[in-house]
Amino acid sequence: MREAAGSGLLVEGASEVVTMAGGLRRGTTQGDPAALRASELGPLAVALFDGLVAAVGPAAEVRARLGAMGLDPDALGRLDARGGTVTPGLIDPHTHLLFAGTREGELRMRQDGADYLAILRAGGGILSTVRATRKASEEALEAHGRRWLREMLASGVTTVEAKSGYGLDVDTELRLLRVAGRLGTEGPVEVVPTWLGAHAVPPEHRDAADPPASYLGSLLRDQLPQVARQGIARFCDVFCERGVFEVQHAKRLLVAARETGMDLRLHADELRDSGGAALAAELGARSADHLAAIPDAGIEALGRAADDGRPVVATVLPATTFYLRKERVAPARALIDRGVPVAVGTDFNPGTSPTASLPLALSMACVTLGLSASEALAAATIQSAHAVGLGESHGALEAGRVGDLVVWDVATHELIPYWIGTRLARSVMKRGRVVVGD
Ligand code: NIG
Ligand code: FE
């Protein structure tokens, strides 16, 4: 028998184990959580060993499987799920984790009729956060990031995509990506860093004849080579929106970023139909995000990409449309019905979505976008794993995947989005180690 104590854990006593086995979901399968129920199968167990899932299923089978692997089940650490629900660790596929300052005053401006993009054009919005972030020290940004990652972890999130984008100059963008990388290395939350240098046109380029083109030149010349050389961003993202970066700008930058080895994602069709979803499909991006204003042609482009076996995950962000007080929300139902895999994220940021709670975003996805609880949970596990390029290793409880899981204080996963705004994650495990709870 191999020495099991210390690096192994047996989670027993769950009412339900949501495995999300079977890979990326499309269409009706988005609603299949591949759940095991103790009421049907008898006692259940999940075994973690060496940071990975070793076995999942009826407890007797899991024990036999461990034995076949040369492990003594009784030598593993034990965690009693006490009738709770076990799911894969949640993955937040879209956050602007790192910034300085807050923008609570913008809600009042919007209540008084101001438009989000008009606030930005006037030098506020994203640009006011850029001013504060440029002045912030690396230590301050790190402390901020650590605080909010801790909050996310407590709500069951074990992996987070984190964008730069509040620097918009070489030094600050690199600083943000360095901090994101360091926080991920420190753990326990895993961080997937995204370079979003093209988040807005900074003041240095505002007086140019063509401001977006002028800043794009500097992105290609100054930022991209350094980000690429340092290898500190897994993804390149662009705020592709009419009046910010048009499709032709986004395309030039994304194609150049891809040549350096980065994967692609886009802020697409958030406020107006801007051609972003179609561009994401054309370029084979991992995900197209927001989509509250996606046209039918955009849904069709994403549908065809999925049909062709190169799916772009549609990452919807219901907390953002809520906080921006938008009536028009992402057509998540139509996307799922067209066979497009849908993920849900928080869009955590100081301007349009000041919430770190992915469970809250899941409740909103159910109430405002019409997802079922099972679809929403898939959207925050296996679908979001694919959206951040971790679809083969994260997002499901299957042997060989990372041992990231949550024990929820409810008897079935349908109650996770049901108890709106409630902390239900009782224990959280990251790579097989208990990082929250008992
Ligand atoms: O995803 N829309 C662009 N970016 C962010 C908002 C950033 C901000 O307002 O600070 C978003 O909503
Ligand atoms: Fe965003």
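Structure's up top.
Small disclaimer: the values here were computed from a predicted structure and weren't measured.

A.B. asks: How should I be thinking about the overall build of the chain in this particular structure?
C.D. replies: Within the chain one finds 17 helices and 18 strands. Relative to its length of 438 residues, the chain is compact, with a C-alpha radius of gyration of 21 Å against a globular reference of 22 Å. Each principal axis of the C-alpha distribution contributes one length, and for the chain these read about 70 × 45 × 40 Å. For the chain, with 438 residues in total, the buried portion stands at 60%. Counting only contacts in the chain whose residues sit at least 6 apart along the sequence, the fraction spanning at least 24 positions is 74%. With an accessible surface of roughly 15,900 Å², the chain has 51% of that area assigned to carbon and sulfur atoms. Computing the positive centroid from 46 side-chain charges and the negative centroid from 53, the chain places the two 3 Å apart.

A.B. asks: How should the sheet that holds strand β3 (residues 35-37) be read in this particular structure?
C.D. replies: Pairing between the strands of a sheet is mediated by backbone hydrogen bonds and can be parallel or antiparallel. With respect to topology, six strands assemble into an open sheet ordered β3-β2-β7-β16-β17-β18, the strand pairing being mixed. Of all the strands in the sheet, just β3 and β18 (433-436) have a single pairing partner and so form its edges. Here the strands of the sheet are splayed against their neighbours by 20° on average, with no regard to which way each runs.

A.B. asks: Explanation requested: the site of ligand 1 in the structure shown.
C.D. replies: If you check the shell around ligand 1, you find 16 residues, and the closest are Tyr116, Tyr166, Glu270, His290 and Thr352. At 2.6 Å from an oxygen atom of ligand 1 is found a side-chain nitrogen or oxygen belonging to tyrosine 166. A distance of 2.9 Å separates an oxygen atom of ligand 1 from a polar side-chain atom of aspartate 347. Taken together, the residues that form the shell around ligand 1 break down as four nonpolar, nine polar and three charged.

A.B. asks: How do you make sense of the sheet that holds strand β5 (residues 52-58) when you look at a structure like this?
C.D. replies: In spatial order, the strands read β5-β4-β1-β6; together these four strands make up an open sheet with mixed pairing. Sheet topology places β5 and β6 (77-80) at the edges, where each strand pairs with a single neighbour. Averaged over all adjacent pairs, the angle separating strand axes in this sheet is 15°, with direction ignored. The sheet contact formed by strand β4 (residues 44-49) and β5 spans six bridges and is antiparallel. Looking at the pairing, alanine 47 lines up with alanine 55 of β5. In the packing of helix α2 (residues 59-68) onto the sheet, contacts are made with β1 (8-12), β4, β5 and β6, and the angle to β5 comes to roughly 140°.

A.B. asks: Would you mind going over helix α5 (residues 126-135) with me for this structure?
C.D. replies: Think of an α-helix as turning once every 3.6 residues; residues three or four places apart then point the same way. Among all positions in α5, only Ile126, Leu127, Thr129, Val130 and Thr133 are buried. In a view along the axis of α5, the buried residues occupy a sector of 150°, so they form one face of it.

A.B. asks: Quick question: what am I supposed to make of unusual backbone geometry here?
C.D. replies: Negative phi characterises most residues that are not glycine, and trans characterises most peptide bonds. Cis geometry marks the peptide bond from glycine 187 to proline 188; its omega dihedral reads 0°. Tracing the chain through its elements places proline 188 in the loop between α7 (170-186) and β10 (190-198). A positive phi is found at alanine 34, a non-glycine position, where the angle reads about 50°. Turning to its location among the elements, alanine 34 is positioned in the loop between β2 (16-18) and β3. If you check the backbone angles, histidine 290 has positive phi at about 85° while not being a glycine. Note that histidine 290 resides in strand β13 (residues 287-290).

A.B. asks: For this particular structure, what's the right way to read the coordination of the iron ion (ligand 2)?
C.D. replies: Tetrahedral coordination by four donors sets the ideal angle at the metal to 109.5 degrees; octahedral coordination by six donors sets it to 90 or 180 degrees. His94 (NE2), His96 (NE2), His267 (NE2) and Asp347 (OD) make up the full set of protein donors to the iron ion (ligand 2), lying at 2.1 to 2.3 Å. All donors to the iron ion (ligand 2) come from one chain, and their sequence spacing reads H-x1-H-x170-H-x79-D. Judged by relative accessible area, histidine 94 falls into the buried class, the value being 0%. Overall, the relative accessible area of 2% leaves histidine 96 in the buried class.

Rules behind the numbers
- Residues numbered from 1 in each chain as written.
- Chains lettered and ligands numbered in written order.
- Predicted model: local features only at pLDDT ≥ 70, side-chain atom pairs only at ≥ 80, totals over all residues.
- Heavy atoms only, no water.
- Helix = DSSP H or I, 4+ residues; strand = E, 2+ residues; numbered from the N terminus.
- Rg over C-alpha atoms; globule rule 2.2 N^0.38 Å.
- Buried < 20%, exposed > 50% of the residue type's maximum accessible area, 1.4 Å probe, protein only.
- Contact = heavy atoms within 4.5 Å.
- Areas by Shrake-Rupley, 256 points an atom, 1.4 Å probe, with all protein chains shown as cover.
- Lys, Arg positive; Asp, Glu negative; His and termini not counted.
- Charge placed at Lys NZ, Arg CZ, Asp CG, Glu CD.
- Pairing = 2+ DSSP bridges.
- Axes fitted to C-alpha atoms, helices over the stretch in contact; angles between N-to-C directions.
- Near = heavy atom within 4 Å.
- Polar contact = N/O pair within 3.5 Å; in protein donor to acceptor, adjacent residues only side chain to side chain.
- Nonpolar A, V, L, I, M, F, W, Y, C, P; charged D, E, K, R; others polar.
- Arc of directions from axis to C-beta.
- Donors = N, O, S within 2.8 Å, 3.2 Å for Na, K, Ca; no water.

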